[in-house]
Amino acid sequence: MNKKLELISNYDSSLKETDPELTLILDNFLLKQVFEESILSDKERLIVTLACLVSNQSLNLYENVVKVALDIGVTPVEIKEILYQSLAYIGLSKTYDFIKKTNEIFNEYNINLPLENQATINYDDRLEVGYDIQVRNFGKEFIDNSIQNCPEGQKHIWDFISSYAFGDFYSRNGLEDNLRELISFTFIMSLRGCENQLRIHTKGNLEIGNSKEKLISVITVLVPYLGFPRVHNALAILNEICD
């Protein structure tokens with residue numbers, strides 16, 4: 001594992017000139033503590049980092065990390081799928097600039113756009129396919145109860161979730177199913193005030209094969225980007241679900 005990929009001094013060499021002490025603190029923290037505690041591969045680590053930066057609206061740092069990700073073998077399709085999936089969690093207003101910036105970087109790397117089509121469904125079957133994915137990840141009883149017991153006038157929101165969040169995005173090729181759930185966990189953990197949804201996706205991750213240890217590793221590698229309050233929230237929910 002190349003543990004020097006995400007050193008702050010590599011992302012922005014100018015910081016070594018303007019803020020050398022801070023750069024040293026961050027590099028030492030990443031290299032000598034954070035990376036030592038992670039069981040993620042380089043690719044997994046960079047993918048969840050990109051998801052965190054998108055969710056946190058860190059466009060400048062995202063630009064640097066995308067270039068590192070491409071250089072170590074994260075594919076253009078995987079990067080685009082992170083962005084597309086983010087729409088269901090943070091919305092178009094927060095994703096739009098990242099799509100534009102990513103296209104600029106792909107042009108710089110001579111990556112032809114549009115990328116190969118990754119869709120596996122059509123408009124008519126997206127609701128059914130999305131529902132089936134939800135049942136697989138979260139259990140039929142939970143999904144059915146949530147839909148059947150939602151307040152009057154709100155069922156269409158659940159249909160949106162099934163058809164759009166899961167039908168349109170989760171059904172796509174380009175990312176493995178367990179990696180999609182890791183990314184969703186990352187999006188939600190990076191937001192504020194979404195603990196209920198984080199509980200659901202913690203269970204979804206465990207159901208689809210991501211271990212508690214892997215989720216701890218995701219939380220661990222994102223400490224430098226999130227800070228400790230949201231990290232403690234995520235750990236509390238993970239411990240609650242797994243105990």
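Provided above is the structure to which this section pertains.
Bear in mind the structure is a predicted one, so any value in this text is a computation, not a measurement.

Calculation criteria
Residues numbered from 1 in each chain as written. Predicted model: local features only at pLDDT ≥ 70, side-chain atom pairs only at ≥ 80, totals over all residues. Heavy atoms only, no water. Salt bridge = Lys/Arg side-chain N within 4 Å of Asp/Glu carboxyl O. Helix = DSSP H or I, 4+ residues; strand = E, 2+ residues; numbered from the N terminus. Expected span 1.5 Å × (residues − 1). Buried < 20%, exposed > 50% of the residue type's maximum accessible area, 1.4 Å probe, protein only.

**What to know about the pattern of salt bridges**
Taken as a whole and judged by the stated rule, the model has 14 salt bridges. With a shortest N-O distance of 3.8 Å, glutamate 63 and lysine 101 are connected by a salt bridge. With glutamate 63 in helix H5 (residues 59-72) and lysine 101 in helix H7 (residues 92-108), the pair connects residues that are 38 residues apart, well separated along the chain. A salt bridge links aspartate 177 to arginine 136, with the nearest nitrogen and oxygen atoms 3.0 Å apart. Taken as a pair, aspartate 177 in helix H11 (residues 177-190) and arginine 136 in helix H8 (residues 126-138) lie far apart in primary sequence, 41 residues in all. In the salt-bridge network here, residues are joined through shared partners; they are Glu63, Lys67, Lys101, Glu104 and Glu108.

**Considerations on H11**
Taking 1.5 Å per residue as the helical rise, H11 with its 14 residues ought to reach 20 Å, and the 20 Å between its terminal C-alpha atoms agrees with that figure. The buried count for H11 comes to 12 of 14 residues, which makes it a mostly enclosed element. By the burial criterion, the buried members of H11 are Leu179, Arg180, Glu181, Leu182, Ile183, Ser184, Phe185, Thr186, Phe187, Ile188, Met189 and Ser190.

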